[in-house]
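# Structure at a glance
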Amino acid sequence: VAAALESGAAGETLRAASMDACRRSLDEGHAAARAALEAGGRGVDCARALSASQDDVTQAVVRAASRLAGVAPDELARMSSVAVGGYGRGLMAPGSDVDLLFLTPDAGRARIEKAVEAALYLLWDLKLKVGHATRTVEECLDQAQADMTIRTTLLEARRIDGDGALFERLRKDFDDKVVAAGPREFVAAKLAERDQRLSKAGAARYVVEPNVKEGKGGLRDLNTLFWIAQYVCRAREVADFVAAGLFTRREAATFRRCEEFLWSVRCHLHFQAGRAEERLSFERQPGIAAALGYRDRGGMSAVERFMKHYFLVAKDVGDLTNIVCAALEARHAKPKAALDRFVKRLRRPKLVEGAGDFAIENGRIALARPDAFARDPVNLVRIFWAAQRSGLALHPDATRAVSLSLRSIGRETRADPEANRLFLEILTSRPSPETVLRRMNEAGVLGRFIPEFGRVVAMMQFSLYHHYTVDEHLLRSVGALADMEAQGLRDEHPVATEIFPTISNRRALYVATFLHDVAKGRPEDHSIAGARIVRELGPRLGLDARETATAAWLVEHHLHMSTIAQTRDLSDPATIEAFARLVQSPERLKLLLLLTVADIRAVGPGVWNGWKGQLLRTLYWETEPHLAGGHSAIDRDAKVASAQAALRARLPGWSDDEFDAYARRHRAPYWLRVDVERKVAHAKLLRARAEGGEALVTAVSTDRFRGYTEVTVVAPDHPRLLSTVAGACAAAGGNIVDAQIFTTTDGLALDAIFLARAFETDADELRRAGRVADAIGKSLRGDIRVGVALAAREPHRAAATPEFRVASEVMFDDALSRSHTVIEVSGLDRVGLLHALTRALSDLNLNIASAHVATFGEKVVDVFYVTDLTGAKIASEQRRSAIRRALLGALEGKPRPA
């Protein structure tokens, strides 16, 4: 650009030469910064290099623009080009906006604005995202006093080119007339702004696809901390904050370390995405983990180790934010008068009952003596016990003192009976202990006092199913359990709420809930390893032998009830009998139901729904009579008769002969598995089919509470019916969560397909279900080919799904059912998988009596109850090997054309 200016080029020649030179400069700057970063360079250095490259381009563009606009160099020199915002800090990510302030003098402004306009067009032509303003010093000050966002951008203003005296005047007047007015308003505004931002981005720090810039513990939190510190201390470097007493040296080092890590992640993220991407999605995590040098180790994959580091950094950012921002808020948002402070020194503080080393100060728990933790490390637990009892937060100075005293929690403190008594009281306290446990975790006390818990702090699982890190999930589980006990979830969990007051092992239940996933990330099964941890930890916490054994059993079997409810035929007596043998007592059944509900609720938004609740309630009520001694073989016949009587009462317009003939069309499983409302709908549908003379009929209904939509298909039975129905659902965008398959005695298939709801309103959901039912009808009539429709849909799904590793597995079990072989198939989910599996089974001449579909993020577990064509179980090992090969092929290959 300089060469073009010196040559006297003008007009389009100058524009073209300027654009070519600037584009090359930007590309070369980005390429050099990326190469240095990927060679192991620091993220902050990359961000600085990108900012410096942009400075060169900005200077060149402004000078070229002035020539194009006919503005003389001496006129242009009266303006100052200023970087603001992130650009003003001298740190830019590859996809960052270019935030510019064109600072103009009061006189001769119109000519200069022509050059600014031309410069902006050139910057836009370079495809840069430009935030800009053109103002005088006085306008900047007026805007800053009225708008906190503008005040913040000016706080980090940096001159790129132009009139240095004009820029210095802005900085001096800004300090003297805006900042000098006091930090109280600014601090309060920034903290409120942070709260609002996090409410949009997600308040949980440990969401497994975090936003590196805007999320909790991300770069924006560091920026907020920096802005507040700058405003309060009138300093521009982190070292200055130490001198001002705002940071300790350790906190300053933590700030720099967090900033470096987050900038490295953000720059890699932008480079790999090719755009300004701030969400650290599953698709991006493996590539960034590899770029940063993480490797598989100790039962954790490289990406899980990387994300654990990320969340530990986010926790450190949270610690800095909580300590420093809370202290500033206390110091500046509500300053006390000098006389009040003098009187306070004379007044004896109110000591916390049962914790004499702590006092209540301004409605917060503070240290009554500075050596409280050094004198007695048990106080590091006791202070949170006091917070739980009083319902008060910790004073910022106490929080900082806790963080600085964590090393005092050693083997002796962990073994101290009083420390463990206090902790168990916190864990089992009323109201919910979740808040205080989270404060303990944020402060680092929880992981130090329970080292087994410390191992899962900030640990993520690379899975679409899990929305939070392991420690966050465990804390949320405790919170969900406490909500049920407090009767706060009665509408969603009526059975769990009803049985909670009747349990005898409340302490064991809370301990098991707190520790049920504590062994995640180890090479061995986490349920078995977790039970072993509970057996060791229970006595230390103060549980007796019976409570410890109960808690360990719950941890070892915490997944069984959910798995059986979602993947087994609950109308099969063998299923219930096997589960009853596992559980052994009504008390354990109650405890396991409560733990299962809390566990599922804490996985993430939308994971719990009424459909899962119905399955769990059914399993509970079917198992309870076995454990109470009230089940016999006669019960099954009595239940069928009772179900038939209930339906008869709902069909008053039917004659006795008509109803008896209808009842004979259904076998016992139908009467036991289907609720009366659906039986009524099925009876009317079958009657309408007979009156209309149609071979194929479908019906749709939806249930918002249970979270599913039912598509009922009635058609002449044939081996490929379920496969075709499953394929049509997948092709039409229906996500099958379960399937009930019945064959009438006169050869009709009555298949109930349950789809996950996609819309909030029933009207929209029923319209969607109607499209799915229409696709099923067209597929069964041969109007559309399922394989072709699936092939058209598959690429869209594949492009949006990251590469997860899920082992493919096929297992057979004859003990789970008296009359059927149960085949459990698990592997990586994909569009049309159920269609491929059911087609493979049909091709092998197997009758599918029941199918149960459960998805856990990217993993699917499909269970089929099958017989051969003679109605017998699959006994031949050779036959089973053929079935296994076919199902594994369906799991790992593409669906074949229909």
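A brief report on the enclosed structure follows. What you see is a predicted model, and the numbers here were worked out from it, not measured in a lab.

A few words now on the packing of helix H21 (residues 417-427) against helix H27 (residues 506-515). Two quantities define a packed helix pair, namely the angle between the helix axes and the distance between the axes. Between H21 and H27, the shortest axis-to-axis distance is 10 Å and the interhelical angle comes to 90°. Of the possible angle classes, the one that applies to H21 and H27 is roughly perpendicular. Contacts between H21 and H27 pair Phe423, Leu424 and Leu427 from the former with Arg507, Tyr510, Val511 and Phe514 from the latter.

Right, let's talk about the packing of aromatic side chains for a bit. For the coordinates displayed, the defined rule picks out 17 aromatic pairs. Seen in terms of ring centroids, Phe247 and Phe255 are 5.9 Å apart; in terms of plane orientation they differ by 40°. Their pairing is tilted. When its relative accessible area of 3% is taken as the criterion, Phe247 is described as buried. Relative accessible area serves as the criterion here: at 2%, Phe255 is assigned to the buried category. Plain terms: the ring middles of Phe261 and Tyr310 are 6.3 Å apart, the flat faces sit at 55° to each other, and that makes the pair tilted. Of this pair, Phe261 sits in helix H13 (residues 249-273) while Tyr310 is found in helix H15 (residues 302-333), placing the two residues 49 residues apart along the sequence.

Applying the stated criterion to the full structure yields 58 salt bridges. Between Lys172 and Asp176 there is a salt bridge; the shortest N-O distance is 2.8 Å. One end of the pair is Lys172 and the other is Asp176, both in helix H9 (residues 164-177) and 4 residues apart, which spans about a single turn. For Lys172, a relative accessible area of 52% corresponds to the exposed category. On the basis of relative accessible area, Asp176 is assigned to the partly exposed category, the value being 43%.

The next point concerns the nonpolar core. A general trend in soluble globular proteins is that nonpolar side chains are found buried together. In this structure, Phe384, Val402 and Phe423 are the most contacted members of the largest nonpolar core, which totals 182 residues. Sorting elements by how many residues they give to this core places helix H3 (residues 43-69) first, with 11 residues. Filtering out sequence-adjacent residues up to four positions away, Val402 remains in contact with Phe373, Leu380, Ile383, Phe384, Leu394, Ala443 and Val445.

Read from one edge of the open sheet, 4 strands run E3-E2-E1-E4, paired in mixed fashion. The sheet is open, and its two edges are formed by strand E3 (130-135) and strand E4 (158-162), each paired on a single side. Between one strand axis and the next, the sheet turns through 25° on average, direction left out of account. Note that strand E2 (residues 98-103) and E3 share 6 bridges and pair parallel. From the neighbouring strand, Phe102 faces E3, where its bridge partner is Thr134.

The next subject is helix H11 (residues 219-233). Over its 15 residues, H11 extends 21 Å from the first C-alpha to the last, a length consistent with the 21 Å expected when each residue adds 1.5 Å. Taking burial as the measure, the 15 residues of H11 include 13 buried ones, the bulk of the element. Once H11 finishes, Arg234 follows within two positions and takes phi at roughly 55°, a positive value.

This part covers the environment of His270. Relative to the assigned elements, His270 resides in helix H13. On the accessibility criterion, His270 (2% relative accessible area) is buried. In the structure, His270 is positioned 177 residues away from Ala93 in sequence and 7.0 Å away in space, judged by C-alpha atoms.

To continue, consider the packing of helix H31 (residues 573-583) against helix H32 (residues 586-601). Their axes nearest at 9 Å, the elements H31 and H32 cross at an angle of 100°. The orientation of H31 relative to H32 falls into the category roughly perpendicular. In this structure, H31 uses Phe579, Leu582 and Val583 to contact H32, whose residues at the interface are Arg588, Leu589 and Leu592. Tallied by class, residues from the contact of H31 with H32 come to 5 nonpolar, no polar and 1 charged.

Most of strand E10 (residues 708-716) sits out of view: 8 of its 9 residues are buried. For strand E9 (residues 697-703) and E10, the ladder comprises 7 bridges, and the chain directions are antiparallel. Across the sheet, the residue bridging to Thr702 is Thr709, located in E10. Two successive antiparallel strands, E9 and E10, enclose a turn made up of 4 residues, where Gly707 displays a positive phi of approximately 80°. Two strands pair when backbone bridges link them, and E10 and strand E12 (residues 748-756) are joined in this way by 9 bridges, in the antiparallel orientation. Considered in E12, the bridge of Val713 is made with Asp751.

Here we take up the environment of Val607. Its place among the elements puts Val607 in the loop between H32 and helix H33 (610-628). Val607 gets classed as buried once you look at its relative accessible area, which sits at 8%. Once the C-alpha coordinates of Val607 and His467 are considered, the two residues, 140 residues apart in sequence, prove to be 9.4 Å apart.

Here the structure, examined in full by the defined rule, presents 3 cavities of 30 Å³ or more. Computed from the structure, the largest cavity encloses a volume of approximately 60 Å³. In this structure, the largest cavity is lined by Glu492, His493, Val495, Ala496, Leu593, Val597, Trp608, Gly613, Leu616 and Arg617. At the level of secondary structure, the elements contributing two or more residues to the lining of the largest cavity comprise helix H26 (494-499), H32 and H33. The greatest single-element share of the lining of the largest cavity, amounting to 3 residues, is contributed by H33. Grouping the constituent residues of the lining of the largest cavity by class yields 6 nonpolar, 2 polar and 2 charged.

The next thing to look at is the pairing of strand E1 (residues 80-83). Alternating residues of E1 divide into Ser80 and Val82 and Ser81 and Ala83, and every residue in both groups is buried. Where E1 lies against E2, 4 bridges are found, and the strand directions are antiparallel. Its bridge partner lying in E2, Ser80 is registered against Leu103.

What counts as what
- Residues numbered from 1 in each chain as written.
- Predicted model: local features only at pLDDT ≥ 70, side-chain atom pairs only at ≥ 80, totals over all residues.
- Heavy atoms only, no water.
- Axes fitted to C-alpha atoms, helices over the stretch in contact; angles between N-to-C directions.
- Helix = DSSP H or I, 4+ residues; strand = E, 2+ residues; numbered from the N terminus.
- Parallel < 35°, antiparallel > 145°, perpendicular 65-115°, else oblique.
- Contact = heavy atoms within 4.5 Å.
- Phe/Tyr/Trp six-rings, centres within 6.5 Å; stacked < 30°, edge-to-face > 60°.
- Buried < 20%, exposed > 50% of the residue type's maximum accessible area, 1.4 Å probe, protein only.
- Salt bridge = Lys/Arg side-chain N within 4 Å of Asp/Glu carboxyl O.
- Core = buried A, V, L, I, M, F, W, Y, C linked by side-chain atoms within 4.5 Å.
- Pairing = 2+ DSSP bridges.
- Expected span 1.5 Å × (residues − 1).
- Nonpolar A, V, L, I, M, F, W, Y, C, P; charged D, E, K, R; others polar.
- 1 Å grid on protein atoms, 1.4 Å probe; cavity = no way out; pocket = protein on both sides within 12 Å on 5 of 7 lines; lining within 4 Å.
- Points joined across faces, edges and corners; volume = space filled by probe spheres on them.

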